[in-house]
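# Understanding the architecture of this molecule
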Amino acid sequence: MSVPFSQELLEAVASSMITAKDMELLVQDQAFIDGRWIRKQQTFSVQEPSTARVLGTVADCDLNDVQSAIKSAHAAQKSYYTSTTAAQRGSLLRKWHDLVIKNVEDLARILCLENGKTISEAKGEVLYAASFISWFAEEATRCYGDTIPSSTPNTIVMTLKEPVGVCGIITPWNFPAAMISRKVAPALAAGCAVVIKPPSETPFTCLALTKLALRAGFEGKIIQVCPTKNRQVASELAINPLVRKISFTGSTNIGKNLANLASGTLKKVSLELGGNAPFIVFDDADVDLAVEGAMMSKFRCSGQTCVCANRLYVQRGILNEFTRRLVQKVSELRLGPGIEDSCTQGPLINASAVDKVKSHIEDAVSKGAFVEIGGSALDFPGFFMQPTVLSGATTDMVVARDETFGPLAPIFSFDTEDEILKLANDTEVGLAGYLFSRSVGRVMRVARELELGMCGVNTGKISAAESPFGGIKESGYGLEGSKYGMAEYQSIKTVTLGNVHL
Ligand SMILES: NC(=O)c1ccc[n+]([C@@H]2O[C@H](COP(=O)([O-])OP(=O)(O)OC[C@H]3O[C@@H](n4cnc5c(N)ncnc54)[C@H](O)[C@@H]3O)[C@@H](O)[C@H]2O)c1
Ligand SMILES: O=CCCC(=O)O
């Protein structure tokens, strides 16, 4: 873990603001409503997490803007669906995908600057975001209905899959590109129109993706983007009766709040909420693989992913060896501004994210945990927190219950399978989890008993366009990606064709 930053590196960062060339091509600071880019008097600023400077300002939409966007999307949605075939919608998505790939460097730069993740992670995220677009370009043409043997003579029962209508899309800052494309691509494939409220910390990536979608040929009113810092304005998406579906990714409390608001008009709702992932290493695991998995799962995006390992449980027989090797790997990380190629860990999103990690460390240490490596925030204008490993973590510590959402790996120990299942499931959320063991029997037993939506076995990498993504318990409901992802944006209509001999 190398700090402090060198003079060269600081200079590289100083010259890293979004350039005029990017501005012309992809950077956009206006809202997109009713097929037009709208400049607003009222704006809000976006901070660069690596320097705490203002990266730019963006239109701050008011209630009127959001209502106009919804009305316009509603007016346009039906004809979009009826005037396009599934193959045509797929083809538009493929063009969008190709433009995203063509612009991967610029998109990654914008994403890296506004989010802070390293440039290589940012490129990885843009490719990941693109993979959802191409996946749903294919799925568009595979939305089969059923014909059902009827219990009534001379009758055919069939089902039609139809778009739900206007979809409100609300996403978080930790994946500024992928969280948008994972929702917008299936919605457009199904024939819906979308009104997007991008995260106020990272709106530029969403606006750039929107520009590319328009270039690909999507009709302007099918995609509307309303950046706003005002939560009440954003919640109009959950309230307005013209919106028929709300798809939200973010924290559990806001998700519950939006679900309550959406119940007023009984909208279809998908919620991808917070996690508290257990990462379980049994004595019979391949330790190198487990350490590699922990590095990937814990330190991706500096620990700010919903599927990040939050609690590392290691069986006592390999506790010391695992801890030693993990600490060694963490010592090789390079913390610094994401835009600098050689850095492997970027800053956190803002000062309160750093404070949260610090408070989890302080609480754990006050209750007996030991800081094996890291432990401090950097005294630097950006929001840098050292990757940290704690040993001796126990269940009374805040880290056992709360999603840290930062680069903190607390190591707990356990002895038996029964004990670890109780510990792992002792949380109100159930998004992702990981387990490492060479025993197939154990893997199947434990994977079945874990209360999770997603379980990585002998791997820290579980996210992919083809894999169903979603949680259980208070991590929400609904699935994204995969063959199930389209259904979230469709309703099934049953058509009963009677007296077919007529
Ligand atoms: N399950 C998943 O797929 C998944 C993926 C990424 C992040 N997350 C979770 O998201 C959280 C981190 O993201 P965050 O801090 O941006 O979450 P957040 O809930 O604060 O914000 C998410 C989005 O909701 C908006 N928002 C906030 N209050 C709102 C309101 N009252 N009405 C309408 N919109 C509102 C925000 O502006 C942002 O766009 C973590 O808990 C993480 O686990 C979950
Ligand atoms: O933060 C949650 C989403 C990240 C992912 O898709 O793996």
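Residues numbered from 1 in each chain as written. Chains lettered and ligands numbered in written order. Predicted model: local features only at pLDDT ≥ 70, side-chain atom pairs only at ≥ 80, totals over all residues. Heavy atoms only, no water.

## Concerning the domain arrangement of the chain
In terms of domains, the chain is made up of domain 1 (7–273 + 478–491) and domain 2 (277–464). If you average the C-alpha positions of domain 1 and of domain 2, the two centres end up 30 Å apart. Each side of the interface is counted separately: domain 1 has 30 residues, and domain 2 has 29 residues. Of the roughly 2200 Å² buried where domain 1 meets domain 2, counting both sides, 67% is carbon and sulfur surface. Along the contact surface separating domain 1 from domain 2 lie zero salt bridges. In this structure, the connection of domain 1 to domain 2 is made through four residue pairs in polar contact (both at pLDDT 80 or more). When contributions to the side of domain 1 that touches domain 2 are tallied by element, the ones reaching two or more residues are helix H1 (7–14), helix H5 (104–115) and helix H6 (119–139). (Domains from an automatic or database assignment. Contact = heavy atoms within 4.5 Å. Buried area = accessible area lost by both parts, 1.4 Å probe. Salt bridge = Lys/Arg side-chain N within 4 Å of Asp/Glu carboxyl O. Polar contact = N/O pair within 3.5 Å; in protein donor to acceptor, adjacent residues only side chain to side chain. Helix = DSSP H or I, 4+ residues; strand = E, 2+ residues; numbered from the N terminus.)

## As for the layout of surface pockets
Of the voids in this model, the second largest pocket is the one considered here, and its volume is about 590 Å³. Along the walls of the second largest pocket sit 29 residues, with Glu121, Met296, Arg300, Cys301 and Lys461 positioned nearest its centre. Of all the secondary-structure elements, those providing two or more residues to the lining of the second largest pocket are H6 and helix H12 (287–299). At six residues, the largest contribution of residues to the lining of the second largest pocket is made by H6. When the residues that make up the lining of the second largest pocket are grouped by side-chain class, the tally is 14 nonpolar, 10 polar and five charged. Domain assignment of the residues forming the lining of the second largest pocket places at least three in each of domain 1 (7–273 + 478–491) and domain 2 (277–464). (1 Å grid on protein atoms, 1.4 Å probe; cavity = no way out; pocket = protein on both sides within 12 Å on 5 of 7 lines; lining within 4 Å. Points joined across faces, edges and corners; volume = space filled by probe spheres on them. Nonpolar A, V, L, I, M, F, W, Y, C, P; charged D, E, K, R; others polar.)

## Side note on the pattern of salt bridges
If you walk through the whole model with that rule in mind, you get 26 salt bridges. In this structure, the salt-bridge partner of Lys256 is Glu474, at a minimum N-O distance of 2.7 Å. A residue pair is termed long-range when its members are at least 10 positions apart, and Lys256 in helix H11 (residues 252–263) and Glu474 in the loop between strand E20 (472–473) and strand E21 (476–477) qualify at 218 residues. You can call Lys256 partly exposed: its relative accessible area is 39%. On the accessibility criterion, Glu474 (31% relative accessible area) is partly exposed. For Asp355, the salt bridge identified is with Lys358, shortest N-O distance 4.0 Å. With a gap of three residues between them, Asp355 and Lys358 both fall in helix H14 (residues 351–366), about one helical turn apart. Look at Asp355 and you get partly exposed, because its relative accessible area is 43%. (Buried < 20%, exposed > 50% of the residue type's maximum accessible area, 1.4 Å probe, protein only.)

## Digging into the sheet that holds strand E19 (residues 454–457)
The strand order across the open sheet formed by seven strands is E14-E15-E16-E13-E12-E18-E19, and the pairing between neighbours is mixed. Edge positions in the sheet fall to strand E14 (370–373) and E19, since each has one partner strand and no second. Recorded for the sheet is a direction-independent mean angle of 25° between the axes of neighbouring strands. Taken together, the four bridges between strand E18 (residues 432–436) and E19 define a ladder with parallel strand orientation. Directly across from Tyr434, in E19, lies its bridge partner Gly456. Strand contacts of H12: strand E12 (277–281), strand E13 (309–315), strand E15 (388–391), strand E16 (408–414) and E18, with the helix running at about 170° to E12, the strand carrying the most contacts. This element, helix H15 (residues 417–425), spans E12, E13 and E16 of the sheet and lies at about 170° to E13. (Pairing = 2+ DSSP bridges. Axes fitted to C-alpha atoms, helices over the stretch in contact; angles between N-to-C directions.)

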